[in-house]
Amino acid sequence: MLELLQKKLESVFRNLRGYGKLSESNVADALREIRLALLAADVHYPVAKQLCEEIQKKALGKEALAGIRPGDQFVKIFHEELVRLLGEGEREIRPERPLRLLLCGLNGSGKTTTAAKLALWFRKQRQKVALVAGDLTRPAAREQLQRLGEQIEVPVYSWPDGTPIETVAREGRARGEREGMDIVIFDAAGRLDVDADLLEELAGVARLWEPGESLLVVDAATGQVAVKVAEAFAAKVPLTGLVLSRTDGDARGGAALSIQQVTGIPIKFLGVGEKPDALQTFVPERFVGRLLGMGDIVALVDRAQEEIDAQSMEEMAKRLKSNEFGLQDFLAQLRLMKRLGPLENLLALLPGFPGKEAVKVDEKKIKQIEAIILSMTPGERRRPTILNGRRRLRIARGSGTQVNDVNDLLRKFDSMRKMMRRISKGGPGKGWPKLAIPRALRG
Ligand SMILES: Nc1nc2c(ncn2[C@@H]2O[C@H](COP(=O)(O)OP(=O)(O)O)[C@@H](O)[C@H]2O)c(=O)[nH]1
Ligand SMILES: [Mg+2]
């Protein structure tokens, strides 16, 4: 699904990432292409338009991050906005038990298949599940559900031809309770098109069934129509979520990107194949990640954005150059490293960082170093050369360490300072020197 869009985005991003600086017209050109690609993928027009406007605002308004290419930052903004577009709304399935689910949708949208998929999904979570054959309009519908039920080993409640739908709803509910089911899934009838009869029947079923979750199944391939269908159903049945079926096809699939925005109903599951296990919970981050396929760049910009105070890093670099880099800066660096999380992970993200594997930082050591530096006076931190034996002893006591540890730290600091000076004069890649890991801290 969304493959064409994916390809198009890839080429737009590749272009942007080639620029050292993004001008207003670079961004406008890129967004024009993106908007066309979104529309071609069947994304609802107002949604595509709004998305692009939002991205444009953010892309032009954002300050450049130290060490991050503007094109990468654009990718990140795009990613963020897409996630936001998809991201709001409760996606968890209600925890109450017994939980009655109602599945509705047009004929052929994938209701029955989805009913079986959900039944299997719950059964795997050790829930007691039953299916109710609520599609009485097509003779083969009950048999289809029966077969699926056997396949996934879930009981199917079924009534003979001519049973009023109200009876099915009422008795299905009672039987589920009698048999101590955690989850009972009602596979309702569909129609070829949204019509008043279908919706009335469904509203009637919903009143008797009182579903905790009513999910509308929409075929991802139906494009913009999917949005209309969702609106029509939502007007009659209080929908709690959407299931997008057939997302495994090569369809344009843009409905996935706009349906929630337009209807306000969250997508909860994706159907990704015909088999009963071809169901995925819908996680916007993952969906967008797969669509853009640039997880590493996004993560890198993300962290840089959150954690690096560009200004103070610049200052630090300046002090480093003028040889004013003291233990206070060293401590700031350490804290920064700590906040950045496992250092190995961060380093692995940096393009061209040498010896990715070799870098390991001992967290305990960082804590100790922190304690030692905190036991120094500001003057000592600024000019470690004044640290004579007596001072070192005082610091060791103050930090609960040994003089040896203090000496060790000062040696490390010294070699780190040398190394950083070397790096700041030109490391293996632009940008990364500011995050350089001093050799002295490894292992
Ligand atoms: N490839 C694919 N096929 C699906 C998916 N969901 C349903 N189908 C197929 O779509 C057809 C109609 O599904 P069905 O569950 O009978 O639809 P219903 O009329 O809404 O109950 C069947 O052939 C299913 O195998 C899906 O996620 N991927
Ligand atoms: Mg069916």
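Residues numbered from 1 in each chain as written. Chains lettered and ligands numbered in written order. Predicted model: local features only at pLDDT ≥ 70, side-chain atom pairs only at ≥ 80, totals over all residues. Heavy atoms only, no water.

1. Side note on the side chain of Asp135
Summarising the element assignment, Asp135 is placed in the loop between β2 (129–134) and α6 (139–152). A polar contact of 2.6 Å, which involves the side chain of Asp135, links it to the side chain of Thr137. Excluding residues that lie within four positions of it along the chain, Asp135 makes contacts with Ala141, Arg142, Asp187, Ala188, Ala189 and Gly190. (Helix = DSSP H or I, 4+ residues; strand = E, 2+ residues; numbered from the N terminus. Polar contact = N/O pair within 3.5 Å; in protein donor to acceptor, adjacent residues only side chain to side chain. Contact = heavy atoms within 4.5 Å.)

2. A word on the packing of helix α4 (residues 70–87) against helix α10 (residues 255–263)
At a minimum axis distance of 8 Å, the contact between α4 and α10 shows a crossing angle of 55 degrees. Looking at the two axes, α4 sits oblique to α10. In this structure, α4 contributes Leu82, Leu85 and Leu86 to the contact, and α10 contributes Ala256, Leu257, Gln260 and Gln261. For the contact of α4 with α10, the per-class residue count stands at five nonpolar, two polar and no charged. (Axes fitted to C-alpha atoms, helices over the stretch in contact; angles between N-to-C directions. Parallel < 35°, antiparallel > 145°, perpendicular 65-115°, else oblique. Nonpolar A, V, L, I, M, F, W, Y, C, P; charged D, E, K, R; others polar.)

3. Re the pattern of salt bridges
Summed over the entire model, instances satisfying the criterion amount to 24 salt bridges. In this structure, the salt-bridge partner of Glu80 is Lys76, at a minimum N-O distance of 3.3 Å. With a gap of four residues between them, Glu80 and Lys76 both fall in helix α4, about one helical turn apart. Between Asp135 and Arg138 there is a salt bridge, and its shortest N-O distance comes to 3.8 Å. Judged by its relative accessible area of 2%, Asp135 falls in the buried class. The structure contains a network of salt bridges with shared partners spanning Glu54, Lys57, Lys58, Glu81 and Arg84. (Salt bridge = Lys/Arg side-chain N within 4 Å of Asp/Glu carboxyl O. Buried < 20%, exposed > 50% of the residue type's maximum accessible area, 1.4 Å probe, protein only.)

4. Comments concerning the site of ligand 1
Looking at ligand 1, there are 17 residues lining it, with Gly108, Lys111, Thr113, Arg246 and Asp248 nearest. Residue Ser109 places a main-chain N or O atom 3.2 Å away from an oxygen atom belonging to ligand 1. Take Arg246: an N or O atom from its side chain is 2.5 Å from an oxygen atom of ligand 1. For ligand 1, the protein covers 82% of the area, taking 580 Å² as the surface of the free molecule. Per-element tally for the shell around ligand 1: the top contributor is helix α5 (residues 111–124), with four residues. For the shell around ligand 1, a count of residues per class yields two nonpolar, nine polar and six charged. (Near = heavy atom within 4 Å. Areas by Shrake-Rupley, 256 points an atom, 1.4 Å probe, with all protein chains shown as cover.)

5. Topic: the packing of aromatic side chains
Throughout the structure, instances matching the rule amount to six aromatic pairs. Between the aromatic rings of Trp121 and Phe122, the centroid separation amounts to 5.1 Å while the plane-to-plane angle is 75 degrees, which identifies the pairing as edge-to-face. On the accessibility criterion, Trp121 (26% relative accessible area) is partly exposed. The buried category is assigned to Phe122, whose relative accessible area is 1%. (Phe/Tyr/Trp six-rings, centres within 6.5 Å; stacked < 30°, edge-to-face > 60°.)

6. Things to note about the confidence of the model for the protein chain
Per-chain confidence: the protein chain averages 82 in pLDDT, with 79% of residues scoring 70 or above. The least confident element of the protein chain, judged by mean pLDDT, is helix α15 (residues 343–349) at 48; the most confident is strand β3 (residues 156–157) at 98. Contacts for the low-pLDDT stretch residues 345–359, under 50 throughout, to residues beyond four places or in other chains number 25 contacts. Low pLDDT (under 50) marks residues 427–443, which in the prediction has 45 contacts with non-local residues, meaning those over four places away or in another chain. (pLDDT = per-residue confidence, 0-100.)

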